[in-house]
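Understanding the architecture of this molecule
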Amino acid sequence: MGRIPEAAVRPAAPALRAPVLAGAAVGAATLLVALRDPHVAGSYGFCPLLELTGLACPLCGGLRATHDLAHLDLAGAWSANALWTLTAPVVVVVWLAWLVAAVRGRPFRGLSSTAGWVTLGVALTFFVARNLPGLQQYLTPWL
């Protein structure tokens, strides 16, 4: 009477594979960035857009911001990439929701297509704003 049918337990394992592997990959990459300081010139290469045009893309400073977040330096992360500093916790929450859904054996609905368009709009707005002369000193301090 107290035994759980094997079919009720088995579906969770394949559903867990994707969020666990994604979490492990991001965790390993974050650990690498935490251990190898991207603030050191040449440690991770260069941004082709920045090198060719002088424009900072929405991702520029993301490695430095990740390094600073891993070391709990919120001010440093904010100065490197304010957008990523705000976005990283949201990514963690979405991943946790995905993991919880997999553990419970429920499908993860993810984000709507509207969220994707809003994300693209925010990234483009940030790209323009951080390259405006009046805002560069606040949103792209290393230029």
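Structure: above.
Residues numbered from 1 in each chain as written. Predicted model: local features only at pLDDT ≥ 70, side-chain atom pairs only at ≥ 80, totals over all residues. Heavy atoms only, no water.

Regarding the overall build of the protein chain
In terms of regular secondary structure, the protein chain is built from 8 helices and 0 strands. Taken from the N to the C terminus, the helices and strands of the protein chain come in the order α-α-α-α-α-α-α-α. Taken over C-alpha atoms, the radius of gyration comes to 19 Å for the protein chain, far larger than the 15 Å a tight globule of 143 residues would show. Along the three orthogonal principal directions, the C-alpha set of the protein chain runs to about 70 × 35 × 25 Å. Buried positions account for 22% of the 143 residues belonging to the protein chain. Pairs at least 24 residues apart make up 54% of the contacts formed inside the protein chain by residues separated by at least 6 positions. As displayed, the protein chain has an accessible area near 9,900 Å², and 72% of this comes from carbon and sulfur atoms. Both charge centroids of the protein chain, one from 9 positive and one from 5 negative side chains, sit 19 Å from each other. (Helix = DSSP H or I, 4+ residues; strand = E, 2+ residues; numbered from the N terminus. Rg over C-alpha atoms; globule rule 2.2 N^0.38 Å. Buried < 20%, exposed > 50% of the residue type's maximum accessible area, 1.4 Å probe, protein only. Contact = heavy atoms within 4.5 Å. Areas by Shrake-Rupley, 256 points an atom, 1.4 Å probe, with all protein chains shown as cover. Lys, Arg positive; Asp, Glu negative; His and termini not counted. Charge placed at Lys NZ, Arg CZ, Asp CG, Glu CD.)

Brief notes about helix H7 (residues 113–130)
For H7, with 18 residues, the first-to-last C-alpha span of 26 Å sits near the 26 Å given by 1.5 Å per residue. Buried within H7 we find Phe126, Ala129 and Arg130. All buried residues of H7 lie within an arc of 85 degrees about the axis, which places them on one face of the element. Opposite the packed face of H7, turned more than 90 degrees from it, sit the exposed residues Ser113, Thr114 and Trp117. Where H7 is buried, its residues meet helix H5 (74–80), helix H6 (82–103) and helix H8 (133–139). (Expected span 1.5 Å × (residues − 1). Arc of directions from axis to C-beta.)

Regarding helix H4 (residues 62–70)
The set of residues buried in H4 consists of Gly62, Ala65, Thr66, His67 and Asp68. Just past H4, the residue Leu72 takes up positive phi, approximately 60 degrees.

What about the layout of surface pockets?
Taken as a whole, the largest pocket encloses approximately 1,400 Å³ of empty space. Around the largest pocket, the lining is made up of 48 residues, and of these Leu59, Gly62, Leu63, Thr66 and Trp84 lie nearest the centre. Taken together, the elements giving at least two residues each to the lining of the largest pocket come down to helix H2 (12–35), helix H3 (48–53), H4, H6 and H7. Considered class by class, the residues forming the lining of the largest pocket number 32 nonpolar, 14 polar and 2 charged. (1 Å grid on protein atoms, 1.4 Å probe; cavity = no way out; pocket = protein on both sides within 12 Å on 5 of 7 lines; lining within 4 Å. Points joined across faces, edges and corners; volume = space filled by probe spheres on them. Nonpolar A, V, L, I, M, F, W, Y, C, P; charged D, E, K, R; others polar.)

Digging into the environment of Gly121
Tracing the chain through its elements places Gly121 in helix H7. Classification of Gly121 by relative accessible area gives partly exposed; the value is 30%. Sequence separation between Gly121 and Pro48 is 73 residues; the distance between their C-alpha atoms is 22 Å.

Thoughts on the packing of H4 against H6
Packing of H4 against H6 brings their axes to within 9 Å, and their N-to-C directions diverge by 55 degrees. When the axes of H4 and H6 are compared, the pair comes out oblique. Crossing geometry of H4 relative to H6 is assigned as right-handed. Residue-level inspection shows Gly62, Ala65, Thr66 and Leu69 of H4 in contact with H6, the latter providing Trp84, Thr85 and Ala88. Within the contact of H4 with H6, the residues separate by chemical class into 4 nonpolar, 3 polar and no charged. (Axes fitted to C-alpha atoms, helices over the stretch in contact; angles between N-to-C directions. Parallel < 35°, antiparallel > 145°, perpendicular 65-115°, else oblique. Left-handed = near helix turned anticlockwise from the far one by under 90°.)

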